[in-house]
Every structure is written in C-alpha cells, then in structure tokens.
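Summary of the model geometry
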Amino acid sequence: MRTYFPQQFEKVSPKKVSDFIFDQLEESIILKELLPEEQLPNERDMAVMFNASRLAVREALSRLEEEGLIEKRVGAKGGTFVLPLTLNSHHRHREQIASNWESWSKVFEYRLIIEPEAAFLAAQHIQVEQLHQLQQYLEMSIEQDCSRELFRALDVKFHLMIAKASDNAYFEKAVREIRTKINPALDLMPYSQEVRVRNSDSHFELLDVLRAHDGEHSRILMRQHIEQSASSIYHRVFDHDIRTQEKESESL
C-alpha cells in the first residue's frame, strides 16, 4: 500500500555553528536587549558562553560587522561595541521595506492577531511585579533625557513584558519573533516630543486596563495601537513628501 506524504517538506540545508551564534546576537541587538555602545565579551568568553569554538564566534562577529550592527575598535579602550540602529535606519531599511511590502503586510496581519490576544490573556494573569515593571518602563520613557535608542528599547520591553504576562510561552515566543521582524521598520519612526507623548499615552491607557484585569478592553486597545503603528510605518515608507524632506536634509 502506497503512503502519500505531504508536499510541503522543506529541503535540508546545512547550518554552521557560527550561524546560530549570529542569529542569537542579531536578535538581541534588534530587540535592543544589547544597547548601543554596549561592549560585547571577548571572543574567548563568548566561545565559552555559546559552547563553541573561537573561530565560530569570530565568523559570527564578522557577519554582524558587515551588517552594520557592531563595530570593532582598537586601542586601550578597544573591543567590540554595539552600534545604534535608529540613527541610520532609513538608509538600511526603507527601500527594502518598500520593495517587499507584501511580505511586511503579512507580518502586520500576524501581529494584529497575536498581540491583542496576548494582551487579553495578560489582563487575566498579570502579576503585581509585572505591572510594576511596565510602570517603570513607561516612567523611564517620558524622562526628558530619554534618548531615541533607549525609548525604542523601552517600547520593545513593554510589549515583550505583556506577552510574558500572558502566561503562555507560545504567545511570548510569537511576540518576540514579531518584534524581531518589525523593529527595523519601527526604527524608521521619527523621534519627537509629539511621538513620545502619543506613544506613552497609548501605553499608559493600556497599562490601566491591564491593572484593572479588563481583558476585552486590553485586546481592543492593543489592536488600536498596532493598527496605528502599521499605518504610521506605511506612510513613513511611501509618503513622497517625507522622503523628499529627508533627502533634502541629508544634502545640507
């Protein structure tokens, strides 16, 4: 009797140890768990951390440097340092996003399903210490000396904490994957007092309903927040006037 197998099997492709190291470091940088100007451990220590050879670590670091995510510096205070992602993000990502917008739209659709449901569950399961941590993130984000990179990092932490509070590891993993994919697009957003206030107001409102354990309202607010975010990214990528203004400012 013949057995029929699915036709969707993926072909096996070899993956080097350095690829695994690269993927983990890239994700941590994109999610801003490693912040700009933070120094990475030396190759020997990282080899121990990853249980890998120094050659594999060196190959991973070389790829990160080629991607513009890290920089190696020489001298007494030398080492390997994380570079800021937001300062030149429009150079690296705008055209890539525009040319592949259909794929990005799928990610936004996925986010629109996952994060509101994570917020719904979080409202039911969130712990006091998690609410306190969310409050701290928001208070830090409205400080006058909050840099653009720190502001973006706190935004990521806020959303990942809500996913963690869902008490469902699958949602937590999904939101982490989503943020890894969309952060380059979110880094295109301008940094101004108006943006900070709008984002903070939205987050504080969401925190209030989470604190009240209002699942349905949490779901609605998260959905509205994500829809606004996707719309802002779209206009940032495709608005001709914005693109023209940025090109003119770069030529000055």
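To start, this report covers the structure provided alongside it. (Residues numbered from 1 in each chain as written. Predicted model: local features only at pLDDT ≥ 70, side-chain atom pairs only at ≥ 80, totals over all residues. Heavy atoms only, no water.)

Some remarks on helix H10 (residues 215-238)
Helix length check: H10 (24 residues) gives 35 Å between terminal C-alpha atoms against 34 Å at 1.5 Å per residue, within 8%. Capping the start of H10, Asp214 holds a side-chain oxygen 3.1 Å from the backbone nitrogen of His217, two or three residues further along. (Helix = DSSP H or I, 4+ residues; strand = E, 2+ residues; numbered from the N terminus. Expected span 1.5 Å × (residues − 1). Polar contact = N/O pair within 3.5 Å; in protein donor to acceptor, adjacent residues only side chain to side chain.)

Quick notes on the packing of helix H6 (residues 128-141) against helix H7 (residues 148-165)
When two helices pack together, their arrangement is captured by the angle between the axes and the distance separating the axes. Where H6 contacts H7, the axes come no closer than 9 Å and their chain directions differ by 165°. Taken together, the axes of H6 and H7 lie roughly antiparallel to each other. Considering the relative orientation of H6 and H7, their crossing is left-handed. Contact with H6, carried on its side by Gln130, Gln133, Leu134, Tyr137, Leu138, Met140 and Ser141, involves Phe151, Leu154, Lys157, Phe158, Met161, Ile162, Lys164 and Ala165 of H7 and no other residues of that element. Residues of the contact of H6 with H7, tallied by class, amount to ten nonpolar, three polar and two charged. (Axes fitted to C-alpha atoms, helices over the stretch in contact; angles between N-to-C directions. Parallel < 35°, antiparallel > 145°, perpendicular 65-115°, else oblique. Left-handed = near helix turned anticlockwise from the far one by under 90°. Contact = heavy atoms within 4.5 Å. Nonpolar A, V, L, I, M, F, W, Y, C, P; charged D, E, K, R; others polar.)

Overview of the pairing of strand S2 (residues 79-82)
Alignment of strand S1 (residues 70-73) against S2, held across four bridges, turns out to be antiparallel. Pairing of Ile70 across the sheet is with Val82, part of S2. What sits between S1 and S2 in their antiparallel hairpin is a turn of five residues, with Gly75 showing a positive phi close to 110°. (Pairing = 2+ DSSP bridges.)

As for the packing of helix H5 (residues 101-125) against helix H8 (residues 169-186)
Interaxial distance between H5 and H8 falls to 10 Å at its minimum, and their mutual angle equals 140°. In this view, H5 runs oblique relative to H8, as classed from their interaxial angle. For the element pair H5 and H8, the recorded crossing hand is left-handed. Where H5 abuts H8, its residues Trp104, Val107, Phe108, Tyr110, Arg111, Ile114, Glu115, Glu117, Ala118 and Leu121 lie against Phe171, Ala174, Val175, Glu177, Ile178, Arg179, Lys181, Ile182 and Ala185. The class makeup of the residues in the contact of H5 with H8 is 13 nonpolar, no polar and six charged.

Overview of helix H9 (residues 193-211)
If you check H9, its first and last C-alpha atoms are 26 Å apart, about what 19 residues at 1.5 Å a residue would give, namely 27 Å. Restricting attention to buried positions, one finds in H9 the residues Val195, Arg196, Asn199, Ser200, His203, Leu206, Leu207, Val209 and Leu210. Positive phi appears at His213, one or two residues downstream of H9, with a value of about 55°. (Buried < 20%, exposed > 50% of the residue type's maximum accessible area, 1.4 Å probe, protein only.)

Re the pattern of salt bridges
Counting across every chain of the model gives 19 salt bridges. Across the pair Glu59 and Lys16 runs a salt bridge, and its minimum N-O distance is 3.9 Å. Note that Glu59 is positioned in helix H3 (residues 54-66) and Lys16 in the segment before helix H1 (17-30), a separation of 43 residues in sequence. Residue class for Glu59 comes out partly exposed when judged on its relative accessible area of 32%. Across the pair Asp187 and Lys32 runs a salt bridge, and its minimum N-O distance is 3.4 Å. Placement of Asp187 in the loop between H8 and H9 and of Lys32 in the loop between H1 and helix H2 (43-50) is noted, with a sequence separation of 155 residues between them. A network of salt bridges, in which partner residues are shared, links Lys32, Glu149, Arg152, Asp155, Arg179 and Asp187. (Salt bridge = Lys/Arg side-chain N within 4 Å of Asp/Glu carboxyl O.)

Some points on the packing of aromatic side chains
Under the counting rule described, the total for this entry stands at six aromatic pairs. With 5.4 Å between their ring centres and 65° between their planes, Trp101 and Tyr234 make a pair best called edge-to-face. Here the residue Trp101 occupies a position in helix H5, and Tyr234 occupies one in helix H10, the gap between them amounting to 133 residues. Seen in terms of ring centroids, Trp104 and Phe108 are 6.3 Å apart; in terms of plane orientation they differ by 40°. Their pairing is tilted. (Phe/Tyr/Trp six-rings, centres within 6.5 Å; stacked < 30°, edge-to-face > 60°.)

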